[in-house]
Amino acid sequence: MLKVFDGDTQIFYSESKWLHPIFEFEDFLKTYNGPRNNLRAWDSAIGKAAAVLLIRLGVLQIHGELVSKLAVDYTSKTLGEGKLTYDTLVDRLMCQTESQLENLTDSDEMYYLLRQRAKLVLGVPVSIQNLSYKYGKIDGLNLEVPAGGRLMILGENGTGKTTLLRLICGIYKADGGSVLIDGMPVDKLPKYTIGYIPQLSELQEEQSFDLTAGEVVGLGISGKTTRASRRELVEEAMSRTGCAHLEGRKFSVLSGGEKQKVSLARCLAQKARLLLLDEPTANLDKDNRRMVVEILASLSISEIPTIIMVTHDKELTSLKKWEVLNLG
Ligand SMILES: Nc1ncnc2c1ncn2[C@@H]1O[C@H](COP(=O)(O)OP(=O)(O)OP(=O)(O)O)[C@@H](O)[C@H]1O
């Protein structure tokens, strides 16, 4: 059970189990407009996981009926002594989550792990078995990317990186083996599951596209969405990728980098569960490359889609915690 107070006023209450009340509280905060500088929480049991989440949400004073030593250590290191009080102190809470967090210190990485354990990820798993294709070095390839996983495909020119993305999203048919996304072949997937951004050269070929950038971003949004929420999704995605000012411009006349930003906004508005990105930072200047890196980092700890990306960009290849597949 979790109760949260602003000073003495209770603002939130939940009786859900495990860490779910805290994730519910996170959702509650998205629309809560009251003051947040004096948040106090009361929870029945506090392990390191609960401490990490509550502190991320800005709670400064926590009381638990049952509290673990790991939680006390983490809280005193992060907030200072005496911010976590308790009725009973135990060595550790007997759960796997507490053990998995024991030696982690990076708040983003802990948060990512907790959302994965709570199955609060947008991403779908991808399973590639014995995949073969006539071009490139794709010969009996096996690969598992879990829901919300992050995979970077590296390799020399011509090894088949782009070909692999096209096999995953069904543009090419494999000569042998299979690709299952969320347990299904690609043609059985619900519409809008995949967001694919091809290499810039292909985006450039879409010259006949007579749509505005805003309309392109709206393409991935389900037809059932109301007009108002559609607008909101488009605006939010375009401002997140720094291209809101391009909304009324024709997509076909945009520069390469602008097209990439608009395409990324399309995938965000679509809430794609699997992002397939082919050289997403090629042709972007330093600031825009940084922005893409930041968007990928923030996606990987909030919505958590599954991301499979081909890149040569040093800034991206140095990202930590990504699985790497070297083709060739
Ligand atoms: N439809 C096709 N017809 C002939 N050759 C093809 C076809 N599709 C792919 N290939 C060849 O397969 C190889 C792999 O191509 P792909 O574009 O996947 O490479 P890549 O690893 O993405 O390379 P780069 O780093 O240069 O983008 C290349 O030699 C390419 O010429």
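Residues numbered from 1 in each chain as written. Predicted model: local features only at pLDDT ≥ 70, side-chain atom pairs only at ≥ 80, totals over all residues. Heavy atoms only, no water.

J.: For this particular structure, what's the right way to read the overall build of the protein?
T.: The helix and strand inventory of the protein stands at 12 helices and 13 strands. For the protein, the C-alpha atoms occupy an extent of roughly 65 × 45 × 40 Å along the three principal directions. Counting only residues that meet the buried cut, the protein has 48% of its 328 residues in that class. Within the protein, contacts between residues at least 6 apart in sequence are counted, and of these 62% link residues at least 24 apart. Taken as two groups, the 40 positive and 42 negative side-chain charges of the protein have centres that lie 2 Å from each other. (Helix = DSSP H or I, 4+ residues; strand = E, 2+ residues; numbered from the N terminus. Buried < 20%, exposed > 50% of the residue type's maximum accessible area, 1.4 Å probe, protein only. Contact = heavy atoms within 4.5 Å. Lys, Arg positive; Asp, Glu negative; His and termini not counted. Charge placed at Lys NZ, Arg CZ, Asp CG, Glu CD.)

J.: Looking at this structure, how should I read the side chain of Gln260?
T.: Residue position: Gln260 is located in helix α10 (residues 256-270). Looking at Gln260, the relative accessible area reads 5%, which means it is buried. Among all residues touching Gln260, those that are not within four sequence positions of it are Leu200, Leu203, Glu279, Pro280, Thr281, Ala282, Asn283 and Leu284.

J.: Is there a simple way to think about the confidence of the model for the protein in this case?
T.: Parts of the prediction with low pLDDT should not have their coordinates interpreted in detail. Overall, the prediction assigns the protein a mean pLDDT of 91, with 98% of residues at 70 or greater. The least confident element of the protein is helix α7 (residues 200-205), whose mean pLDDT is 72; the most confident is strand β6 (residues 126-132), at 97. (pLDDT = per-residue confidence, 0-100.)

J.: In this structure, what is going on with the site of the ligand? I would like to understand it.
T.: Neighbouring the ligand are 13 residues, the closest being Gly158, Gly160, Lys161, Thr162 and Thr163. Lys161 has a polar side-chain atom sitting 2.7 Å from an oxygen atom of the ligand. A distance of 2.9 Å separates an oxygen atom of the ligand from a polar atom in the backbone of Thr162. Protein coverage of the free-state accessible area of the ligand, which is 640 Å², stands at 60%. (Near = heavy atom within 4 Å. Polar contact = N/O pair within 3.5 Å; in protein donor to acceptor, adjacent residues only side chain to side chain. Areas by Shrake-Rupley, 256 points an atom, 1.4 Å probe, with all protein chains shown as cover.)

J.: Whenever I open this one, the sheet that holds strand β3 (residues 39-46) confuses me. Can you help?
T.: Think of a sheet as strands paired side by side through backbone hydrogen bonds, with each pair either parallel or antiparallel. Reading across the sheet, the five strands line up as β2-β1-β3-β4-β5 and stay open at both edges, with mixed pairing between neighbours. The outermost strands of the open sheet, each flanked by one partner alone, are β2 (9-14) and β5 (84-90). Going across the sheet, the axis of each strand differs from the next one's by a mean of 10°, ignoring polarity. Where strand β1 (residues 2-6) meets β2, five bridges bridge the pair, whose relative direction is antiparallel. Note on β2: the bridge partner recorded for Lys3 is Tyr13. Sheet contacts for helix α1 (residues 20-30): β1, β2 and β3; angle to β2, the most-contacted strand, approximately 125°. (Pairing = 2+ DSSP bridges. Axes fitted to C-alpha atoms, helices over the stretch in contact; angles between N-to-C directions.)

J.: Would you take a moment to explain the packing of α10 against helix α11 (residues 286-301) for this structure?
T.: Helix packing for two helices is described by the angle between their axes and how far apart those axes are. Following both chains from N to C, one finds α10 and α11 inclined at 10°, their axes separated by 12 Å at the closest point. With respect to each other, α10 and α11 are oriented roughly parallel. Note that α10 runs across α11; the crossing there is left-handed. Between α10 and α11, the contacting residues are Lys261, Leu264 and Leu268 on the first element and Asn288, Met291, Val292, Ile295 and Leu299 on the second. For the contact of α10 with α11, the residue count by class is six nonpolar, one polar and one charged. (Parallel < 35°, antiparallel > 145°, perpendicular 65-115°, else oblique. Left-handed = near helix turned anticlockwise from the far one by under 90°. Nonpolar A, V, L, I, M, F, W, Y, C, P; charged D, E, K, R; others polar.)

J.: I keep staring at the pairing of strand β12 (residues 306-310) and nothing clicks. Help me out?
T.: Looking along a regular strand, one sees the side chains alternate between the two faces of the sheet. Burial analysis of β12 places five of its five residues in the buried class, which makes it a mostly covered element. The two faces of β12 match: Thr306, Ile308 and Val310 on one face and Ile307 and Met309 on the other face are all buried. Strand direction decides the pairing type here: strand β8 (residues 150-154) and β12, joined by four bridges, are parallel. When the sheet's bridge partners are listed, Arg150 is paired in β12 with Ile307. Of the pairings in the sheet, the one linking strand β11 (residues 274-278) to β12 comprises five bridges and is parallel in character. Bridge pairing in β12 places Asp278 opposite Val310.

J.: Explain the pattern of salt bridges to me, please; I cannot follow it from the model alone.
T.: Pairs may arise between side chains of opposite charge once their charged atoms sit close together. One pass over the structure, following the stated rule, counts 14 salt bridges. We note a salt bridge from Arg231 to Glu235, for which the minimum N-O separation is 2.6 Å. Here the residue Arg231 and the residue Glu235 both occupy positions in helix α9 (residues 227-240), the gap between them amounting to four residues, near one helical turn. Judged by relative accessible area, which is 40%, Glu235 ranks as partly exposed. In this structure, Glu303 engages Arg240 in a salt bridge whose closest nitrogen and oxygen atoms are separated by 2.9 Å. With Glu303 in the loop between α11 and β12 and Arg240 in helix α9, this residue pair connects regions lying 63 residues apart in the sequence. The exposure class assigned to Glu303 is partly exposed, which follows from its relative accessible area of 30%. Looking at Arg240, the relative accessible area reads 27%, which means it is partly exposed. Via salt bridges that share partners, Arg289, Arg290, Glu294, Asp313 and Glu315 belong to a single interconnected network. (Salt bridge = Lys/Arg side-chain N within 4 Å of Asp/Glu carboxyl O.)

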